[in-house]
Amino acid sequence: MKRILVTAAACLLLAAGASAQGLGDLLKSAAQVVYSYSSNKNAVSLPGNWTYTGSAISLGSDNTLSNLAGNAVSAGAESKVDNYLTKFGIKAGALKFTFNEDLTFTCTALGVPVNGTWRTSDDNKTVTLKFGKTLKFLSMTGTLENTLEGCQMLFEGNRFLSFIKTIMTYVGKQNSTVGAVSSLAGNYDKMKIGFKLKKS
């Protein structure tokens, strides 16, 4: 990464010498290169195979102190949601996604494949998943973020739990399981919930 920035800076210096560019212009150009690099470093490239490793929850805000407190609460909430979902069979490895270059994807839930389409926007920071008829044309739009292990997709709590409920019905889980998922919705309607994914 450092090599890329050094190379970019060297190119700018050469260009400056050739055109007798002023120091102010040179610094401005260098700043634009660094900004461009920094602003895109968190973009997620989705094409490929991804495996679910656990739930992701966000309570963040624009306030730094609120974010710190929210992160602590989120960690505890993730553990609780993971415990609930594990009871329904949704645990690490139970969901797999294959995102194709043609903007189609396959979500394999508990061994049952479901197809749909995907797209990203805002420099790959927002993702929309659209499922087909088998999941009643469910559509989910959320944020897409890099993590140390891969990425996470975060959706409105009710929308995410609606996905879990629908997928449970589709794979033939008992009505009691679906009802248990529905009972969670009221507890997490103010949160963003989603997937932690690891590329495989």
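Before reading on, note that the structure itself is shown above.
## What about the pattern of salt bridges?
Item 1. Scanning all chains against the criterion turns up one salt bridge.
Item 2. Ionic pairing is found between E78 and K196, a salt bridge with its closest N-O pair at 3.0 Å. On the criterion of sequence distance, the pair formed by E78 in helix α3 (residues 64–87) and K196 in strand β8 (residues 192–199) is long-range, its members being 118 residues apart.
Item 3. Judged by relative accessible area, which is 28%, K196 ranks as partly exposed.

## Re the packing of aromatic side chains
Item 1. Going through the model one piece at a time under the given rule, you end up with eleven aromatic pairs.
Item 2. A centroid spacing of 5.2 Å and a plane angle of 90 degrees characterise the contact between F105 and F131, whose relative ring orientation is edge-to-face. With F105 in strand β3 (residues 104–109) and F131 in strand β5 (residues 126–131), the pair connects residues that are 26 residues apart, well separated along the chain. In this structure, F105 and F131 share a single accessibility class: buried.
Item 3. One aromatic cluster is present, formed by Y52, F97, F99, F105, W118, F131, F155, F160, F163 and F195 through successive ring pairs.

## Some remarks on the sheet that holds strand β4 (residues 112–121)
Item 1. With antiparallel pairing, eight strands are arranged side by side around a closed barrel as β1-β2-β3-β4-β5-β6-β7-β8. Neighbour-to-neighbour, the strand axes of this sheet turn through a mean angle of 35 degrees, independent of strand direction.
Item 2. The pairing of β5 with strand β6 (residues 139–146) spans five bridges and is classified as antiparallel. Following the sheet pairing, K130 is matched in β6 by S139.

## Observations concerning the nonpolar core
Item 1. By size, the foremost hydrophobic cluster in this structure holds 38 residues, and its most contacted members are L129, F131, M153, F163 and F195.
Item 2. Sorting elements by how many residues they give to this core places helix α4 (residues 157–170) first, with six residues.
Item 3. If near-sequence neighbours (up to four positions away) are discounted, F195 is found in contact with Y52, G54, A56, L95, F97, C151, Q152, M153, F155, F160 and F163.

## Things to note about unusual backbone geometry
Item 1. Within the chain, L103 stands out as a residue other than glycine whose phi angle is a positive 70 degrees.
Item 2. Assignment of secondary structure puts L103 in the loop between β2 (95–99) and β3.
Item 3. Although it is not a glycine, N124 sits at a positive phi angle of roughly 65 degrees.
Item 4. On the secondary structure map, N124 appears in the loop between β4 and β5.

Reading the values: the criteria
- Residues numbered from 1 in each chain as written.
- Predicted model: local features only at pLDDT ≥ 70, side-chain atom pairs only at ≥ 80, totals over all residues.
- Heavy atoms only, no water.
- Salt bridge = Lys/Arg side-chain N within 4 Å of Asp/Glu carboxyl O.
- Helix = DSSP H or I, 4+ residues; strand = E, 2+ residues; numbered from the N terminus.
- Buried < 20%, exposed > 50% of the residue type's maximum accessible area, 1.4 Å probe, protein only.
- Phe/Tyr/Trp six-rings, centres within 6.5 Å; stacked < 30°, edge-to-face > 60°.
- Pairing = 2+ DSSP bridges.
- Axes fitted to C-alpha atoms, helices over the stretch in contact; angles between N-to-C directions.
- Core = buried A, V, L, I, M, F, W, Y, C linked by side-chain atoms within 4.5 Å.
- Contact = heavy atoms within 4.5 Å.

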